[in-house]
Structures are given as C-alpha cells and as structure tokens.
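# Coordinate analysis (summary)
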Amino acid sequence: MVTLEYNSGMLNRLDRLTAANYGMPINTNLCENRFIPHQDKMIMLQAASIYTQGDGNSWDGQDMLEIMIQVAETSLKALAKDLWGQINQYK
C-alpha cells in the first residue's frame, strides 16, 4: 500500500504519482493508450491507472474486484484489437 502524502518530500508524493499518468484523472481506468501527434511523428502514452480512497482507508474487497475486472476487460479488448490488426495485415 502506498500512502499518498501531499506534503511529504518522499518519493510517493502525489505530484510524482500523478506524473506517471500524465496528470490524467485518478480513480479512472486509463488502460487504453493515448496517441498524440507531434510534428511528423505519433507519440504513444501509456498512462498508469491510479486508484485511491483519498482518506487513507483500505478499499472494500468487492469494490476493488469490480475495478480490477473492468481494468482486465479493457486490457483484453486492447490486446484483441491489436492482434486483430496484426492478423488482418497479412491477408
């Protein structure tokens, strides 16, 4: 468990944690990659999904299970989409 401390100088500061997800919303499933055009290139961002209660309490097991299932389903859909594209590329 990581304790979020907004006023701590330690590595787990909230700003450093949110830097891993490019400042995107917390408690949001961010498993789908984001593509950003820059000049003549496309940059892929893989954001971390950060979930927190915000009050230091532990998650209810059922709530966390539902979140993890949603994240797993999103990840599988992204993988299936990528594999489908690869299969159809060689037809």
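Conventions and cut-offs
Residues numbered from 1 in each chain as written. Predicted model: local features only at pLDDT ≥ 70, side-chain atom pairs only at ≥ 80, totals over all residues. Heavy atoms only, no water. pLDDT = per-residue confidence, 0-100. Helix = DSSP H or I, 4+ residues; strand = E, 2+ residues; numbered from the N terminus. 1 Å grid on protein atoms, 1.4 Å probe; cavity = no way out; pocket = protein on both sides within 12 Å on 5 of 7 lines; lining within 4 Å. Points joined across faces, edges and corners; volume = space filled by probe spheres on them. Expected span 1.5 Å × (residues − 1). Polar contact = N/O pair within 3.5 Å; in protein donor to acceptor, adjacent residues only side chain to side chain. Buried < 20%, exposed > 50% of the residue type's maximum accessible area, 1.4 Å probe, protein only. Pairing = 2+ DSSP bridges. Contact = heavy atoms within 4.5 Å.

A separate point is the confidence of the model for the chain. Counting all residues, the mean pLDDT for the chain is 79, and 75% of those residues have values of 70 or more. Of all the helices and strands in the chain, helix α1 (residues 14-19) carries the lowest mean pLDDT, 61, while helix α2 (residues 61-89) carries the highest, 88.

Taken as a whole, the second largest pocket spans an internal volume of roughly 260 Å³. Forming the walls of the second largest pocket are Cys 31, Glu 32, Asn 33, Phe 35, Thr 74, Ser 75, Lys 77, Ala 78, Leu 79, Lys 81 and Asp 82. In terms of residue count, α2 provides more of the lining of the second largest pocket than any other element does, seven residues in total.

So, on to α2. Over its 29 residues, α2 extends 42 Å from the first C-alpha to the last, a length consistent with the 42 Å expected when each residue adds 1.5 Å. Of the residues that open α2, the one with a side-chain oxygen 3.2 Å from the backbone nitrogen of Gln 62 is Asp 60.

With that settled, consider unusual backbone geometry. Even without a glycine there, the phi angle at Asn 27 is positive, about 60°. Along the chain, the position of Asn 27 falls in the loop between α1 and β1 (34-38). Overall, Asn 27 belongs to the partly exposed group, its relative accessible area being 38%. Positive phi, close to 55°, is recorded for Gln 39, a residue that is not glycine. Here Gln 39 is to be found in the loop between β1 and β2 (41-45).

Let's shift gears to the pairing of β2. Here β1 pairs with β2 via five bridges, running antiparallel. Paired with Phe 35 across the bridge in β2 is Met 44. With antiparallel pairing between neighbouring strands as the criterion, β1 and β2 make up a hairpin whose turn holds two residues, including Gln 39 at a positive phi of roughly 55°.

With that settled, consider the side chain of Thr 74. By the element assignment, Thr 74 lies in helix α2. Not counting the four nearest positions on each side in its chain, Thr 74 is found in contact with Asn 29, Cys 31 and Glu 32.

Structurally, Ile 26 is set in the loop between α1 and β1. With 28 residues separating them along the chain, Ile 26 and Gly 54 place their C-alpha atoms 9.9 Å apart.

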